[in-house]
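Reading the structure
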Amino acid sequence: MSISVRNLSYIYNPGMPGETVALSDVSFDVADGTILGIIGHTGSGKSTLLQHLNGLIKPTSGEVYIDDVCITDGKVKMTDIRRKVGLVFQYPEYQLFEETVRKDVAFGPKNLGLDEEEQEARVKKAIGLVGLDYEEIRDLSPFELSGGMKRRVAIAGVIAMDPKILILDEPTAGLDPSAHRDVLAMVRRIHDEMGIILIFVSHNMADIAEMSDRVMVMSDGKIALEGTPAEVFSQAGKLAEMGLGVPPAREITELIKSRAGRFESEALTIDEAAEDIKRYMEEARG
């Protein structure tokens, strides 16, 4: 499975007084199994881009290929593409509607025309992947659950479709620290166990640095920076010009560098920063 985007552009309200260029000549590739983190200020084009990847929006120009199939070709069945590409919008828990968790998660597989045995198998697997106990919650109303659990159930409903690409828009937005950690661990588990392409948008630079294989920075509808987390977050000045920051761990180590000349660190996570600080202190003690 792979994604290839070529010269993608999108204009809202073309020819109207409110015409807005949301995407301008965007091109990139995502290899099988990659975790791609996308960052950018509000209005940079992130959400518009995500909606092109499963055909919710048709481009003004350009092409999107999913596994060598051009999904921007009018002959392609979008139902086939959306079986492969799962898109989870921000605050997906607001889309829960069934009377029980099991029915909600089974909604997608049921609409695929799967028999009841296959539906049940997919529901069990999906609920397990999001870190919940199927027997404990299957008959509960989703509205009885905590905010973090609701979100995991909503994501389970997309996973039950067995996508080969999963796109998450701000998966940890609005959660308390405990639920935030749980959802982040869940996202990693889903990726590792399903072996899929995972794309996620976040304003949390620590999450992007920790989770991503590749990072893409959007600004004014274009790709401003792209590379590994280390490559992207080494360009703090350019990020600042776009109203973006670096992970807190990098902020801490840069501050220490400014005051301790012999301290060296390229840490992006708190654990990495802690190791570098520990090493420095041990060397300083001699």
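In this report, we go over the structure that sits alongside the text. Model, not experiment: these values are computed from the prediction. (Residues numbered from 1 in each chain as written. Predicted model: local features only at pLDDT ≥ 70, side-chain atom pairs only at ≥ 80, totals over all residues. Heavy atoms only, no water.)

Take the sheet that holds strand β2 (residues 20-30) next. The antiparallel open sheet is built from 4 strands, whose spatial order is β2-β1-β4-β5. Each of the sheet's edge strands pairs with one partner strand only, and the pair in question is β2 and β5 (69-70). Summarising the sheet, strand β1 (residues 3-12) and β2 pair through 7 bridges and their orientation is antiparallel. Looking at the pairing, valine 5 lines up with phenylalanine 28 of β2. (Pairing = 2+ DSSP bridges. Helix = DSSP H or I, 4+ residues; strand = E, 2+ residues; numbered from the N terminus.)

Take asparagine 54: it is sitting in the loop between α1 (46-52) and β4 (61-66). Residues contacting asparagine 54, with those up to four places away along its chain left out, are Ile71, Met78, Ile81, Arg82, Val85 and Leu87. (Contact = heavy atoms within 4.5 Å.)

This part covers the side chain of glutamate 93. Here glutamate 93 shows up in the loop between β6 (85-88) and α3 (101-111). Beyond its immediate stretch of four places on either side in the chain, glutamate 93 contacts Lys150, Arg151 and Ala154.

Here the largest pocket defines a volume of roughly 690 Å³. Together, 24 residues line the largest pocket, and Phe107, Gly108, Gly157, Val158 and Met161 are the ones closest to its centre. Residue composition of the lining of the largest pocket, by class: 14 nonpolar, 7 polar and 3 charged. As a volume, the second largest pocket reaches approximately 220 Å³. Lining the second largest pocket, in full, are Glu98, Arg102, Lys103, Ala106, Phe107, Lys110, Glu116, Gln119 and Glu120. In terms of residue count, the dominant contributor to the lining of the second largest pocket is α3 (5 residues). Its residues assigned to classes, the lining of the second largest pocket shows 2 nonpolar, 1 polar and 6 charged. (1 Å grid on protein atoms, 1.4 Å probe; cavity = no way out; pocket = protein on both sides within 12 Å on 5 of 7 lines; lining within 4 Å. Points joined across faces, edges and corners; volume = space filled by probe spheres on them. Nonpolar A, V, L, I, M, F, W, Y, C, P; charged D, E, K, R; others polar.)

Under the criterion given, the structure shown has 4 aromatic pairs. With a centroid separation of 5.7 Å and an interplanar angle of 20 degrees, the aromatic rings of tyrosine 91 and tyrosine 94 are classed as stacked. The interplanar angle of 85 degrees and the centroid separation of 5.4 Å between the aromatic rings of phenylalanine 263 and tyrosine 280 together place this pair among those described as edge-to-face. Remark: tyrosine 280 occurs in helix α12 (residues 270-285) and phenylalanine 263 occurs in the loop between α11 (248-259) and α12; sequence separation between them is 17 residues. A relative accessible area of 19% places tyrosine 280 in the buried class. (Phe/Tyr/Trp six-rings, centres within 6.5 Å; stacked < 30°, edge-to-face > 60°. Buried < 20%, exposed > 50% of the residue type's maximum accessible area, 1.4 Å probe, protein only.)

This paragraph deals with unusual backbone geometry. A positive phi angle, near 55 degrees, is found at asparagine 13, a position not held by glycine. The exposure class assigned to asparagine 13 is partly exposed, which follows from its relative accessible area of 47%.

Where burial is concerned, most of strand β3 (residues 35-39) is hidden: 5 out of the 5 residues are buried. The alternating pattern of β3 places Ile35, Gly37 and Ile39 and Leu36 and Ile38 on opposite faces, both of which are buried. Note that β3 and strand β8 (residues 197-201) share 4 bridges and pair parallel. Residue pairing across strands places isoleucine 38 opposite valine 201, the latter belonging to β8. Where β3 meets strand β9 (residues 214-219), 4 bridges bridge the pair, whose relative direction is parallel. Paired with isoleucine 39 across the two strands is valine 217, which belongs to β9.

This part is about the pairing of β6. Neither face of β6 is open: one carries Val85 and Leu87, the other Gly86 and Val88, and all of them are buried. Where β6 meets strand β7 (residues 165-169), 4 bridges bridge the pair, whose relative direction is parallel. Bridge pairing in β7 places valine 88 opposite leucine 168.

For the rest of this paragraph, the subject is the pattern of salt bridges. For the structure shown, the criterion picks out 13 salt bridges. Glutamate 120 serves as the salt-bridge partner of arginine 102, at 3.7 Å between the closest nitrogen and oxygen. Highlighted residues: arginine 102 in helix α3 and glutamate 120 in helix α4 (residues 116-129), separated in sequence by 18 residues. Where glutamate 120 meets arginine 138, a salt bridge forms, and the shortest distance between an N and an O atom there is 3.9 Å. (Salt bridge = Lys/Arg side-chain N within 4 Å of Asp/Glu carboxyl O.)

The sheet built from 6 strands is open, its strands ordered β6-β7-β8-β3-β9-β10 with mixed pairing. The open sheet has two edge strands with one neighbour each: β6 and β10 (222-227). Mean inter-strand twist for the sheet, computed between neighbouring axes without regard to direction, equals 15 degrees. Examined bridge by bridge, β9 and β10 share 5 bridges and lie antiparallel to one another. Note that in β10 the partner of methionine 216 across the bridge is glutamate 226. (Axes fitted to C-alpha atoms, helices over the stretch in contact; angles between N-to-C directions.)

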